[in-house]
Amino acid sequence: MLNKTDKGRAELQPGQRTLGQRERAVLLVADGRKATASLQALFGGLGAGIVRELLAQGYIVDETPPPPATPPAPEPAAAKGSVDAFSGPRSLASARMFLFDLSERMFAPRDKVLALYFRDALREARDASTMLAVSREMLVAIERLAGAGRADAISERLAKLLPESTLERA
């Protein structure tokens, strides 16, 4: 919200004419109630430059209230002692989706080649034993990157997603 300063109000008094007609028009509507964007849009978008000049010369002031304080970021699930949030039924498909998501979040930002390797390996894993082998490799890489605690938590979550029959064979 833009508002006139004392200098701006003085400019609008009779007998005071140091600004051009467009500058005075913007100054006239700068009343602290109109959005800054609406003033900048005046004169086919030329208002943005006029607003900048009036601000720089001290005719108007930006009184936009500061944005509300952002609440603190929630504590990551891993820090709370739980594991990655993924809900789904016990199935190979759920476990595979969990592993795909995990690969993207854990490896893609740090090691794109490794992320691509795991992505391709998971695509090719057509049976439970192959997918378990890929998951073991991922867990070893996660332990290297994020520590044993993180790898253990992910292993527990994976065990909750895999069908019980698959776990018995592993």
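To be clear, the structure that these remarks concern was listed above.
Reading the values: rules and limits
- Residues numbered from 1 in each chain as written.
- Predicted model: local features only at pLDDT ≥ 70, side-chain atom pairs only at ≥ 80, totals over all residues.
- Heavy atoms only, no water.
- Axes fitted to C-alpha atoms, helices over the stretch in contact; angles between N-to-C directions.
- Helix = DSSP H or I, 4+ residues; strand = E, 2+ residues; numbered from the N terminus.
- Parallel < 35°, antiparallel > 145°, perpendicular 65-115°, else oblique.
- Contact = heavy atoms within 4.5 Å.
- Nonpolar A, V, L, I, M, F, W, Y, C, P; charged D, E, K, R; others polar.
- Core = buried A, V, L, I, M, F, W, Y, C linked by side-chain atoms within 4.5 Å.
- Buried < 20%, exposed > 50% of the residue type's maximum accessible area, 1.4 Å probe, protein only.
- Expected span 1.5 Å × (residues − 1).
- Arc of directions from axis to C-beta.
- Left-handed = near helix turned anticlockwise from the far one by under 90°.
- Salt bridge = Lys/Arg side-chain N within 4 Å of Asp/Glu carboxyl O.
- Polar contact = N/O pair within 3.5 Å; in protein donor to acceptor, adjacent residues only side chain to side chain.

Engineer: When you look at the packing of helix α7 (residues 128-146) against helix α8 (residues 148-161) in this model, what are you seeing that I'm missing?
Structural biologist: Geometrically, a packed helix pair is captured by the angle between its two axes and the distance between the axes. At a closest axis distance of 7 Å, the pairing of α7 and α8 adopts a crossing angle of 150°. Taken together, α7 and α8 sit at an angle that is classed as roughly antiparallel. Here S135, L139, I142, E143 and A146 of α7 lie close against α8, whose contacting residues are A148, R150, A151, I154, S155 and L158. Grouping the amino acids of the contact of α7 with α8 by side-chain chemistry returns seven nonpolar, two polar and two charged.

Engineer: Would you mind going over the nonpolar core with me for this structure?
Structural biologist: Within soluble globular proteins, side chains that are nonpolar generally end up buried alongside one another. Formed by 26 residues in total, the largest nonpolar core has its most connected members in L99, L102, F107 and M138. Residue assignment for this core shows that the elements contributing at least two residues are α5 (92-106), α6 (112-124), α7 and α8. Per element, the largest residue contribution to this core is seven residues, and it comes from α7. Ignoring any residue separated from it by four or fewer positions in sequence, one finds L99 in contact with L122, M131, S135, M138 and L158. With eleven residues, the next largest nonpolar core counts V26, L39, I50 and I60 among its residues.

Engineer: Any chance you could explain α8 here in plain terms?
Structural biologist: Given a rise of 1.5 Å per residue, 14 residues ought to cover 20 Å, and the 20 Å separating the end C-alpha atoms of α8 matches this to within 8%. Buried residues of α8: R150, A151, A153, I154, R157, L158 and L161, and no others. An end-on view of α8 places all buried positions within 160° of arc, on one side of the element. Facing away from the buried surface of α8 by more than 90 degrees, the exposed residues are G149 and E156. Elements in contact with the buried residues of α8: α5 and α7.

Engineer: Can you walk me through the environment of E124 in this structure?
Structural biologist: Inspection of the secondary structure puts E124 in helix α6. Residues E124 and V134, spaced ten residues apart in sequence, show a C-alpha to C-alpha distance of 9.9 Å.

Engineer: I would appreciate a short explanation of the side chain of S103 in the present structure.
Structural biologist: Locating S103 in the fold gives a position in helix α5. Taking the relative accessible area as the measure of exposure, S103 reaches 0% and is therefore buried. Apart from residues lying up to four places away in sequence, S103 is in contact with A108, A115, F118, R119 and M138.

Engineer: Can you walk me through the packing of α5 against α8 in this structure?
Structural biologist: For the pair α5 and α8, the least separation of the axes is 9 Å and the interaxial angle reads 155°. On the basis of the axis angle, α5 is roughly antiparallel to α8. Our pair here, α5 against α8, has a crossing hand that is right-handed. Taking contact as the criterion, the partners of S94, A95, F98, L99, L102 and M106 in α5 are, on α8, R150, I154, R157, L158 and L161. When the residues that make up the contact of α5 with α8 are grouped by side-chain class, the tally is eight nonpolar, one polar and two charged.

Engineer: When you look at the pattern of salt bridges in this model, what are you seeing that I'm missing?
Structural biologist: Pairing is possible between side chains of opposite charge, provided their charged atoms come close. Applying the stated rule across the entire model yields six salt bridges. Here R24 makes a salt bridge to E11, at a shortest N to O gap of 3.1 Å. Here R24 is found in helix α2 (residues 21-29), whereas its partner E11 is found in helix α1 (residues 6-11), with 13 residues between them in sequence. Classification of R24 by relative accessible area gives buried; the value is 13%. Under the relative-accessibility criterion, E11 is labelled buried at 3%. Two residues, R33 and D31, come together in a salt bridge whose shortest N-O distance is 3.4 Å.

Engineer: Quick question: what am I supposed to make of the side chain of S91 here?
Structural biologist: Note that S91 resides in the loop between β2 (60-62) and α5. Within the structure, S91 has its side chain in polar contact with the backbone nitrogen of S94 (distance 3.0 Å). Contact partners of S91, with chain neighbours within four places excluded, come to L161, L162 and P163.

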